[in-house]
Amino acid sequence: MSESNLKAAITRLLPARFRRATAVVPVVRLSGTIGAVTPLRPGLSLAGVARLLDKAFATKNAKAVALVINSPGGSPVQSRQIYLRIRQLAAEKKLPVFVFVEDVAASGGYMIACAGDEIFVDPSSIVGSIGVVGGTFGFQELIKKIGVERRLYTAGEHKAMLDPFLPENADDVARLKSLQREIHAIFINLVKESRGARLKGAEDVLFSGEYWAGEKSIALGLSDAIGDLRSVLRARYGDKVQMPVIAQPSGMLSGLLGRKSGAGSQLSLDGFSGLPEQLISALETRALWSKYGF
């Protein structure tokens, strides 16, 4: 057998994604609330997805990287950290990034979506919510009714700011709103830098915290086109394009090590001592999704 025939025979035995002529676009799913990490309810964080992103951008013969996003938002810090890591890797590897929105890419979820060179949506996808929200409860009247006396000791004038067991203080609210405006400005600048001239709506509309369905998000320049992962990538790279999903390791060992989808978590009996906190986290997560009708 000649050398060329031998090479051809060996090539045919290789998985399709390792053949030079085959385009490969690795796929990473980023799904869930951002930064909401408890032992029983892992969310998205940079620590949890960094390895997946590194692996995707290092894939042999990769022509691009595809991100499938389904997130109602969460931590602005983790959202921006994930966004930055994606853009850094895209620049290092000189690979385009395609984002495909499923149900929701809102708030921090949309911030991550802005890491894509192009954003594709379904007509029923929810996109936007470029704003900052914070909330708490007021229990001061409740504890009076049940005869509980609040005793709080602090060093620092504003250390007990927004304590839910104390009456609301107008100065504290003003400070919180000032902080929210700072974070909102960071979010707005990120969207402007990422989307640039594609943004078509008025700023007081785009950055009001409102959100829209797929077609309207395209009209406003927040997204680029209607499209699904398989159709778009086959149109770009041919019917034989390979789309390997880059996922966390599965199985008993990885489960014991806490390697779950989204962010890492360590499952142990100690986690059950924090069930009240986990219940609150679950309620907050449910509230984030329900805000967008899910």
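Residues numbered from 1 in each chain as written. Predicted model: local features only at pLDDT ≥ 70, side-chain atom pairs only at ≥ 80, totals over all residues. Heavy atoms only, no water.

Caption draft 1: Just the pairing of strand β3 (residues 97-106), in detail. Counting buried residues in β3 gives 8 out of 10 residues, a clear majority hidden from the surface. In this sheet, β3 lies alongside strand β2 (residues 65-71) in parallel orientation, the contact comprising 6 bridges. Counted as the bridge partner of Ile-69 is Val-101 from β3. Between the parallel pair β2 and β3, the chain is carried across by helix α3 (residues 76-93), and the sense of this crossover is right-handed. Bridge count for β3 against strand β4 (residues 118-121) is 3 bridges, and the pairing is parallel. Its bridge partner being in β4, Phe-98 is matched across the sheet by Glu-118. Since β3 and β4 lie parallel, the crossover through helix α4 (residues 108-113) that links them has a hand, and here it is right-handed. (Buried < 20%, exposed > 50% of the residue type's maximum accessible area, 1.4 Å probe, protein only. Helix = DSSP H or I, 4+ residues; strand = E, 2+ residues; numbered from the N terminus. Pairing = 2+ DSSP bridges. Right-handed = clockwise from strand over helix to strand, strands pointing away.)

Caption draft 2: Up close: the nonpolar core. In this structure, Leu-30, Leu-67, Ile-86, Tyr-110 and Leu-222 are the most contacted members of the largest nonpolar core, which totals 47 residues. Within the residue set of this core, elements represented by two or more residues are β1 (27-31), α2 (46-57), β2, α3, β3, α4, β4 and α6 (170-195). Here this core gets 7 residues from one element, more than from any other, and that element is α2. Ignoring any residue separated from it by four or fewer positions in sequence, one finds Leu-67 in contact with Val-28, Leu-53, Ile-86, Val-97, Phe-98, Val-99 and Phe-100. (Core = buried A, V, L, I, M, F, W, Y, C linked by side-chain atoms within 4.5 Å. Contact = heavy atoms within 4.5 Å.)

Caption draft 3: Region of interest: the packing of α3 against α6. At their nearest, the axes of α3 and α6 sit 12 Å apart, and the two run at 25 degrees to each other. Relative to α6, the element α3 is oriented roughly parallel. Considering the relative orientation of α3 and α6, their crossing is left-handed. In contact with Pro-76, Arg-80 and Tyr-83 of α3, α6 contributes Ile-183, Ile-186, Leu-190 and Ser-194. Considered class by class, the residues forming the contact of α3 with α6 number 5 nonpolar, 1 polar and 1 charged. (Axes fitted to C-alpha atoms, helices over the stretch in contact; angles between N-to-C directions. Parallel < 35°, antiparallel > 145°, perpendicular 65-115°, else oblique. Left-handed = near helix turned anticlockwise from the far one by under 90°. Nonpolar A, V, L, I, M, F, W, Y, C, P; charged D, E, K, R; others polar.)

Caption draft 4: Main features of the environment of Leu-52. Structurally, Leu-52 is set in helix α2. By relative accessible area, Leu-52 is classed as buried at 8%. On a C-alpha basis, the gap between Leu-52 and Arg-29 in space is 9.3 Å, while along the polypeptide they are 23 residues apart. The contacts of Leu-52, once residues within four sequence positions are left out, are Val-28, Ile-246, Ala-247 and Gln-248.

Caption draft 5: Seen up close, the pattern of salt bridges. Tallied over the entire structure, the rule returns 7 salt bridges. The closest approach of N and O atoms between Arg-87 and Asp-117, which form a salt bridge, is 3.6 Å. Remark: Asp-117 occurs in the loop between α4 and β4 and Arg-87 occurs in helix α3; sequence separation between them is 30 residues. By relative accessible area, which is 26% here, Arg-87 ends up partly exposed. Across the salt bridge formed by Arg-198 and Asp-224, the nearest N and O atoms sit 3.3 Å from each other. Residue Arg-198 is found in the loop between α6 and α7 (203-206), and its partner Asp-224 is found in the loop between α8 (214-219) and β7 (225-226); the two are separated by 26 residues along the sequence. For Arg-198, a relative accessible area of 29% gives the class partly exposed. (Salt bridge = Lys/Arg side-chain N within 4 Å of Asp/Glu carboxyl O.)

Caption draft 6: Main features of α6. Its 26 residues place the ends of α6 37 Å apart at the C-alpha level, agreeing with the 38 Å of an ideal helix rising 1.5 Å per residue. Contact partners of the buried residues in α6: α3, α4 and β4. Just downstream of α6 lies Gly-196, where phi reads positive at about 55 degrees. (Expected span 1.5 Å × (residues − 1).)

Caption draft 7: Molecular detail of the confidence of the model for the protein chain. Of all residues in the protein chain, 73% have pLDDT values of 70 or greater, and the mean over the chain is 80. The element-level mean pLDDT for the protein chain is lowest in helix α10 (residues 252-256), coming to 46, with β4 highest at 97. In the model, residues 252-273 has pLDDT below 50 throughout and makes 37 contacts with residues more than four positions away in sequence or in other chains. (pLDDT = per-residue confidence, 0-100.)

Caption draft 8: Spotlight on the pairing of β2. With 7 of its 7 residues buried, β2 lies for the most part within the structure. With 5 bridges connecting them, β1 and β2 associate as parallel partners. Residue pairing in the sheet places Arg-29 in a bridge with Val-68 of β2.

Caption draft 9: Here's a closer look at the packing of aromatic side chains. Tallied over the full model, the rule gives 3 aromatic pairs. Judged by centre distance (6.4 Å) and plane angle (65 degrees), the rings of Phe-98 and Phe-120 are edge-to-face. Taken together, the positions of Phe-98 in strand β3 and Phe-120 in strand β4 put the pair 22 residues apart, joining distant regions of the chain. With respect to class, Phe-98 is no different from Phe-120; both count as buried. On the numbers, 5.2 Å between centres and 15 degrees between planes, the contact of Phe-100 with Phe-120 is stacked. Of the two residues, Phe-100 sits in strand β3 while Phe-120 sits in strand β4, which places them 20 residues apart along the sequence. Taken together, the ring pairs in this structure connect Phe-98, Phe-100, Phe-120 and Tyr-237 into an aromatic cluster. (Phe/Tyr/Trp six-rings, centres within 6.5 Å; stacked < 30°, edge-to-face > 60°.)

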